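# Architecture and fold: a report
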Amino acid sequence: MTTSAPSLPSTAKSLQWTAVGKPADVLTLNEATPLPKITGSYVLVKVHAAAVNPVDWKLMKGGVPRFFMPSIKVPGVDIAGTVVAIGPKAGKKVQIGDQVMVLLSLFQSGGLAEYTLVDESLVAKKPERWSFEQAASMPLATMTAWQALVDYGKFKKGDKVLINGASGGTGTVAVQLAKALGAYVVGVCSGSNAQMVKDLGADEIVDYRTTNVTEKFKNQDFDIVFDAATTGDQFWAKRHTLIKPSGHLVLIVAKDNAVDTPFHMLYSGACVASKKAATFLQRGPGYHLLLTERDGAELAEAVKVLEDAKADPTIDSVYEFTLPSVLEAFDKSISGRAKGKIIVKIH
């Protein structure tokens, strides 16, 4: 039996796209989207804030073959809100009224909506010290950074970690998380963002505009290199002098056309496989292209580390839930100049 809060509306606002293109050309505001039916282990979340991430506009321009996507897509994978209804098999982790944060699947209707349906297994409780806007900024960046450092990077306390793109949405969280876990952190960013990254906990800053980081560090200095900004070619080329033989290079940025078609997906997979083979044959650093997994329990674990360290989210800007304002948020994301996360305030 589904349990819900009183007086739920039958429809709600959501941003949608149905064709491939630029956000300004394909995004529309539907002011009467029917609320989804709540079944199984799903819960309905009233969304108070959602983040805009590069993955949102990359999907719109054709970054995943359309046969993987729903016919009507609502963008947004990061949300924070309040549980207002629970399905008949839900209720083990959350109850009506709980304040939560969620990293949604890429292949479902997303967070730029007044209400969204979420599998209970993806939900984590929102820390009391964070606002909804702060909480919405964290799920994707936190899960990505955690998996890069802990799952793929095999992090150990005292490791020396290089984070490229340290002032971006994922990089800022990676700096905070690495420091909270006990790393020596070197952040790569522009000089104009150096103080911000230092304030987040970085022990050392490299200004990529004036210094070639692969020339600065030539003594297998790092246990983990996490590239949150580029395809990592420069780090892979210098891996034997930059990274310890037992270390790891972790990337999150694929080539622009890596998943445009099945052929491109196969080719990209073959490129990753060849680098992994080189790692094995040459006994060198590990190579990993990370696709962030969704797991509410792991999100809660990572958030607890940040909360205990009193590491608060870094927000670049907050936009209103109107089509013109959301398009401005997408423009900011596409510019690549955000210092932290871009948020849309919904309720």
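Residues numbered from 1 in each chain as written. Predicted model: local features only at pLDDT ≥ 70, side-chain atom pairs only at ≥ 80, totals over all residues. Heavy atoms only, no water.

## Some words on the overall build of the protein chain
Summing up its helical and strand segments, the protein chain has 12 helices and 16 strands in all. Expressed as a percentage of the 347 residues in the protein chain, the buried residues total 54%. Of the contacts made within the protein chain by residues no fewer than 6 positions apart, 73% connect residues no fewer than 24 positions apart. Element-wise, carbon and sulfur atoms account for 55% of the exposed surface of the protein chain, whose accessible area totals about 15,000 Å². (Helix = DSSP H or I, 4+ residues; strand = E, 2+ residues; numbered from the N terminus. Buried < 20%, exposed > 50% of the residue type's maximum accessible area, 1.4 Å probe, protein only. Contact = heavy atoms within 4.5 Å. Areas by Shrake-Rupley, 256 points an atom, 1.4 Å probe, with all protein chains shown as cover.)

## Quick look at empty space enclosed by the protein
In the structure shown here, the tally under the stated rule is one cavity of 30 Å³ or more. Taken together, Trp-17, Asp-56, Leu-59, Lys-73, Pro-75, Gly-76 and Val-77 make up the lining of the largest cavity. (1 Å grid on protein atoms, 1.4 Å probe; cavity = no way out; pocket = protein on both sides within 12 Å on 5 of 7 lines; lining within 4 Å. Points joined across faces, edges and corners; volume = space filled by probe spheres on them.)

## Observations concerning the environment of Gln-16
Along the chain, Gln-16 turns up in strand E2 (residues 11-16). Judged by relative accessible area, which is 11%, Gln-16 ranks as buried. Spatially, the C-alpha atom of Gln-16 lies 4.6 Å from that of Val-74, the residues being 58 residues apart in sequence. Non-local contacts of Gln-16, meaning those with residues more than four positions away in its chain, are made with Val-26, Leu-27, Thr-28, Asn-30, Thr-33, Ile-72, Lys-73 and Val-74. At 3.1 Å, the side chain of Gln-16 forms a polar contact with the side chain of Ser-14. Of the polar contacts made by the side chain of Gln-16, one reaches the side chain of Thr-33; its length is 3.5 Å. (Polar contact = N/O pair within 3.5 Å; in protein donor to acceptor, adjacent residues only side chain to side chain.)

## Thoughts on a negative patch on the surface
Among the surface-exposed residues, Asp-151, Glu-293, Asp-295 and Glu-301 lie close enough to one another that they form a single negatively charged patch. Inspection of the secondary structure puts Asp-151 in helix H4 (residues 139-152). (Patch = residues over 30% accessible without salt bridge, like charges linked within 9 Å, V, L, I, M, F, W, Y side chains within 5 Å. Salt bridge = Lys/Arg side-chain N within 4 Å of Asp/Glu carboxyl O. Lys, Arg positive; Asp, Glu negative; His and termini not counted. Charge placed at Lys NZ, Arg CZ, Asp CG, Glu CD.)

## Some details on helix H11 (residues 296-308)
Helix length check: H11 (13 residues) gives 18 Å between terminal C-alpha atoms against 18 Å at 1.5 Å per residue, within 8%. What H11 keeps buried is the set Gly-296, Glu-298, Leu-299, Ala-302, Val-303, Val-305 and Leu-306. In this fold, the buried residues of H11 make contact with strand E6 (99-103), strand E8 (123-125), H4 and helix H5 (169-181). Taking the backbone nitrogen of Ala-297 as reference, a side-chain oxygen 2.9 Å away marks Asp-295 as the first, capping residue of H11. (Expected span 1.5 Å × (residues − 1).)

## Things to note about the nonpolar core
Counting 84 residues, the largest nonpolar core has Val-43, Leu-112, Val-118 and Ile-163 as the members making the most contacts within it. Leave out the neighbours within four places in its chain, and Ile-163 touches Gly-171, Ala-174, Val-175, Ala-178, Val-185, Val-186, Gly-187, Val-188 and Phe-226. In terms of nonpolar packing, the next biggest core, distinct from the first, is built from 15 residues, Leu-162, Val-225, Ile-243 and Tyr-287 among them. (Core = buried A, V, L, I, M, F, W, Y, C linked by side-chain atoms within 4.5 Å.)

## Let's talk about the pairing of strand E15 (residues 315-320)
Remember that side chains alternate between the two faces of the sheet whenever the strand is regular. Pairing of E15 with strand E16 (residues 341-345), which is carried by five bridges, proceeds in the parallel orientation. In the sheet register, Ser-317 faces E16, and the bridge partner there is Ile-342. Between the parallel elements E15 and E16, the chain passes through helix H12 (residues 323-335) in a crossover that is right-handed. (Pairing = 2+ DSSP bridges. Right-handed = clockwise from strand over helix to strand, strands pointing away.)

## What to know about the sheet that holds strand E10 (residues 184-189)
Strand order in the open sheet formed by six strands is E11-E10-E9-E12-E13-E14, with parallel pairing between adjacent strands. With partners counted over all chains shown, the strands left at the sheet margins are strand E11 (204-207) and strand E14 (286-289), one partner each. Strand-to-strand twist in this sheet, taken as the mean axis angle between neighbours without regard to direction, amounts to 15°. Two elements, strand E9 (residues 160-164) and E10, share five bridges in a ladder whose sense is parallel. By the bridge assignment for E10, Leu-162 is matched with Val-186. Along the sheet face, H4 touches E9, strand E12 (222-227), strand E13 (243-251) and E14 and points at about 150° away from the line of E12. (Axes fitted to C-alpha atoms, helices over the stretch in contact; angles between N-to-C directions.)

## Some words on the layout of surface pockets
Put simply, the second largest pocket is a space of about 360 Å³. Lining the second largest pocket we find 21 residues, and of these Pro-36, Val-74, Ser-109, Tyr-115 and Thr-116 sit closest to its centre. Sorting the residues of the lining of the second largest pocket by element identifies E2, strand E3 (28-34) and strand E7 (115-119) as the ones contributing at least two each. Residue classes in the lining of the second largest pocket are distributed as 11 nonpolar, seven polar and three charged. (Nonpolar A, V, L, I, M, F, W, Y, C, P; charged D, E, K, R; others polar.)

## A look at the pairing of strand E5 (residues 78-86)
In terms of burial, E5 is largely enclosed, as nine of its nine residues are buried. Relative to E6, E5 runs antiparallel, the two being bridged by five bridges. Each residue of the ladder has a partner; that of Ile-79, found in E6, is Val-102.

In short, the description is geometric, and any link to function would need to be established separately.
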